[in-house]
Amino acid sequence: VKTAQIQVYQLADGVKQYHLMQGEYPSETRGLQALADAVGSGPPILEEIPVDPWRTDYAYSHPGKVRRHRFDISRFGPDREEDTDDDIGTWQPMK
């Protein structure tokens, strides 16, 4: 779970950097993949987009489902079920 929390916050930092460089958040269509694509004439923000420790992609939503004025990055926890206590997201403090 700790690895997933760290990855969620690293991805969130990448989205914030993208926002600073582009003046907008990545669209839901492009999603997190926008971080691995070249940004303007510069290099990508991330070399690759990680998958969670359970080998599934992180979910990105903009506007966020929890933080509607920004974005959310989330993943189901080890039980792989939505809306349970082990879910991980950018709206949660690091444990």
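Residues numbered from 1 in each chain as written. Predicted model: local features only at pLDDT ≥ 70, side-chain atom pairs only at ≥ 80, totals over all residues. Heavy atoms only, no water.

(A) Main features of the packing of aromatic side chains. The final tally for this structure, using the stated rule, is two aromatic pairs. Between Y25 and F71 the ring centres are 5.2 Å apart and the planes differ by 55°, which places this aromatic pair in the tilted class. Residue Y25 is located in the loop between α1 (2-22) and β1 (59-61), and its partner F71 is located in the loop between β1 and β2 (72-75); the two are separated by 46 residues in the primary sequence. In terms of burial, Y25 and F71 fall into one category: buried. One aromatic cluster in this structure is built from Y25, Y60 and F71. Note that R75 overlies the ring of F76, its terminal NZ or CZ placed 4.5 Å from the centroid. (Phe/Tyr/Trp six-rings, centres within 6.5 Å; stacked < 30°, edge-to-face > 60°. Helix = DSSP H or I, 4+ residues; strand = E, 2+ residues; numbered from the N terminus. Buried < 20%, exposed > 50% of the residue type's maximum accessible area, 1.4 Å probe, protein only. Lys NZ or Arg CZ within 6 Å of the ring centre and 35° of its normal.)

(B) A look at the nonpolar core. Counting residues in each nonpolar core, the largest one holds 18 residues, and the members touching the most others are V15, L32, L35, Y58, Y60, F71 and I73. The element that contributes the greatest number of residues to this core is α1, accounting for six residues. In this structure, Y58 is in contact with A4, Q7, V8, L11, L32, P50, V51, D52, P53, I73, S74 and R75, ignoring residues within four places of it in sequence. (Core = buried A, V, L, I, M, F, W, Y, C linked by side-chain atoms within 4.5 Å. Contact = heavy atoms within 4.5 Å.)

(C) Seen up close, the sheet that holds β2. Taken in spatial order, the three strands line up as β1-β2-β3 in an open sheet, and their pairing is antiparallel. The two strands at the open ends of the sheet, each matched to only one other strand, are β1 and β3 (88-89). Sheet topology note: the β2/β3 ladder contains two bridges and is antiparallel. Across the sheet, the residue bridging to S74 is G89, located in β3. (Pairing = 2+ DSSP bridges.)

(D) Broad picture of the pattern of salt bridges. Following the criterion strictly, the structure yields two salt bridges and no others. Notably, a salt bridge pairs R75 with D52, separated by 3.4 Å at the nearest N-O pair. Linking R75 in strand β2 with D52 in the loop between α1 and β1, this pair joins segments that are 23 residues apart in sequence. (Salt bridge = Lys/Arg side-chain N within 4 Å of Asp/Glu carboxyl O.)

(E) Examining the environment of Q92 more closely. With respect to the secondary-structure elements, Q92 resides in the segment after β3. In the structure, Q92 is positioned 40 residues away from D52 in sequence and 17 Å away in space, judged by C-alpha atoms. The residues contacting Q92, other than those within four sequence positions of it, are Y9 and D87.

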